[in-house]
Amino acid sequence: KQTNCHLFCNLNQEEDPNSDEISSYKDNLAEYIRQHHILFAIDLHGAAISRDFDLELGTGHGKNINQSEALVDILQTLADACHYKLDIDHFFAASGNNTVSFDIHEQTSIPVVQIEVNRKYRDERNVALYSSFLQLLVDYVQAVSRLDGKYDVPKVPCKQAQNTHLLHTACFPNEWATMFHIQS
């Protein structure tokens, strides 16, 4: 609600869109993106609590985001402000031919990131960590939306407020939608 973005979920347990070569989910998602003129997508995943990262950003080694440094820099800035350990394209690079991020980027040419979230940030019983991650995600979506589809900016002008994880950027009109894919 805070981001005014689209949400697209896979509820079909018979299909694994992140590994199936043929996937009605990915086909429907690509069509939805085209119909709604979506310019950026996040493929959100859950990682085990045993992982040594808080978040991992998968960009297909830059391929799935058209080599945009800004999309990485924004999340890195937010993660640093929250004292999160952010890995980039380490274990979950989203570079495989059948991953949602890779396939959706190939079908639509829009930047698609995969974000792996450590279980400790997805436990609603730990209100502080859960809320912190949700706010980081909202801040990321809002900051990316301010780019207004211009992802080739080498660095995003930002100023971190002291003792907070908010990213302050210049205001751009937000006339396009962002989409999330959440996989449980």
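Bear in mind that the values here come from a model prediction, so they are computed numbers and not experimental data.

Asks: So what's going on with the overall build of the chain? Which residues, and what values?
Replies: If you tally the helices and strands in the chain, you get 4 helices and 8 strands. Each helix and strand of the chain, ordered N terminal to C terminal, gives the series β-α-β-β-α-β-α-β-α-β-β-β. The buried share of the chain, taken over its 184 residues, is 50%. Carbon and sulfur atoms make up 50% of the accessible area of the chain, which amounts to about 9,600 Å² in all.

Asks: Quick rundown of the nonpolar core? Include the residues and the values.
Replies: Counting 29 residues, the largest nonpolar core has Ile 42, Ile 115 and Tyr 140 as the members making the most contacts within it. A total of 8 residues in this core trace back to one element, the largest contributor, which is helix 2 (residues 69–82). Not counting chain neighbours up to four residues away, the residues in contact with Ile 115 comprise Ile 42, Asp 43, Leu 44, His 45, Leu 55, Glu 56, Leu 57, Leu 75, Leu 137 and Tyr 140. Formed by 11 residues, the second largest nonpolar core is a distinct cluster that contains Ile 33, Ala 41, Val 100 and Ile 104.

Asks: Account for the packing of aromatic side chains, with residues named and values stated.
Replies: Enumeration over the complete set of coordinates arrives at 6 aromatic pairs. The interplanar angle of 80 degrees and the centroid separation of 4.8 Å between the aromatic rings of Phe 91 and Phe 92 together place this pair among those described as edge-to-face. Following the ring pairs from residue to residue traces out a cluster consisting of Phe 8, Tyr 25 and Tyr 32.

Asks: Which residues make up the pattern of salt bridges, and what are the values?
Replies: Considering all chains together, one arrives at 6 salt bridges under this definition. A salt bridge links Arg 125 to Asp 123; the nearest nitrogen and oxygen atoms lie 2.9 Å apart. The exposure class assigned to Arg 125 is exposed, which follows from its relative accessible area of 70%.

Asks: Give me the environment of Gly 149: which residues, what numbers.
Replies: Structurally, Gly 149 is set in the loop between helix 4 (127–146) and strand 6 (159–160). What makes Gly 149 partly exposed here is its relative accessible area of 29%. Sequence separation between Gly 149 and Leu 39 is 110 residues; the distance between their C-alpha atoms is 6.2 Å.

Asks: Tell me about helix 3 (residues 100–108), and name the residues and values.
Replies: When you tally the buried positions in helix 3, you get 7 out of 9 residues, the bulk of the element. Along helix 3, the residues that are buried comprise Val 100, Ser 101, Phe 102, Asp 103, Ile 104, His 105 and Thr 108.

Asks: Can you explain the packing of helix 2 against helix 4? Please cite residues and give values.
Replies: Two numbers describe how helix 2 lies on helix 4: the axes approach to 10 Å, and their chain directions differ by 150 degrees. When the axis of helix 2 is compared with that of helix 4, the two are roughly antiparallel. Crossing geometry of helix 2 relative to helix 4 is assigned as right-handed. On helix 4, the residues that touch Leu 71, Ile 74, Leu 75, Leu 78, Ala 79 and Cys 82 of helix 2 are Ser 132, Leu 136, Asp 139, Tyr 140, Ala 143 and Val 144. Within the contact of helix 2 with helix 4, the residues separate by chemical class into 10 nonpolar, 1 polar and 1 charged.

Asks: Could you give me a rundown of unusual backbone geometry, with the residues and numbers involved?
Replies: Positioned with a positive phi, His 37 is a non-glycine residue whose angle comes to about 55 degrees. Topologically, His 37 is positioned in the loop between helix 1 (24–36) and strand 2 (40–47). Positive phi, close to 60 degrees, is recorded for Ala 94, a residue that is not glycine. Tracing the sequence through the fold places Ala 94 in the loop between strand 4 (86–88) and helix 3.

Asks: A description of the environment of Phe 133 should follow, citing residues and the corresponding values.
Replies: For Phe 133, the position within the fold is in helix 4. Given the relative accessible area of 5%, Phe 133 is considered buried. Residues Phe 133 and Ala 79, 54 residues apart in the sequence, show an inter-C-alpha distance of 9.4 Å. Setting aside chain neighbours within four positions, we find Phe 133 in contact with Leu 44, Leu 55, Tyr 84, Val 117 and Tyr 121.

Conventions used here
- Residues numbered from 1 in each chain as written.
- Predicted model: local features only at pLDDT ≥ 70, side-chain atom pairs only at ≥ 80, totals over all residues.
- Heavy atoms only, no water.
- Helix = DSSP H or I, 4+ residues; strand = E, 2+ residues; numbered from the N terminus.
- Buried < 20%, exposed > 50% of the residue type's maximum accessible area, 1.4 Å probe, protein only.
- Areas by Shrake-Rupley, 256 points an atom, 1.4 Å probe, with all protein chains shown as cover.
- Core = buried A, V, L, I, M, F, W, Y, C linked by side-chain atoms within 4.5 Å.
- Contact = heavy atoms within 4.5 Å.
- Phe/Tyr/Trp six-rings, centres within 6.5 Å; stacked < 30°, edge-to-face > 60°.
- Salt bridge = Lys/Arg side-chain N within 4 Å of Asp/Glu carboxyl O.
- Axes fitted to C-alpha atoms, helices over the stretch in contact; angles between N-to-C directions.
- Parallel < 35°, antiparallel > 145°, perpendicular 65-115°, else oblique.
- Left-handed = near helix turned anticlockwise from the far one by under 90°.
- Nonpolar A, V, L, I, M, F, W, Y, C, P; charged D, E, K, R; others polar.

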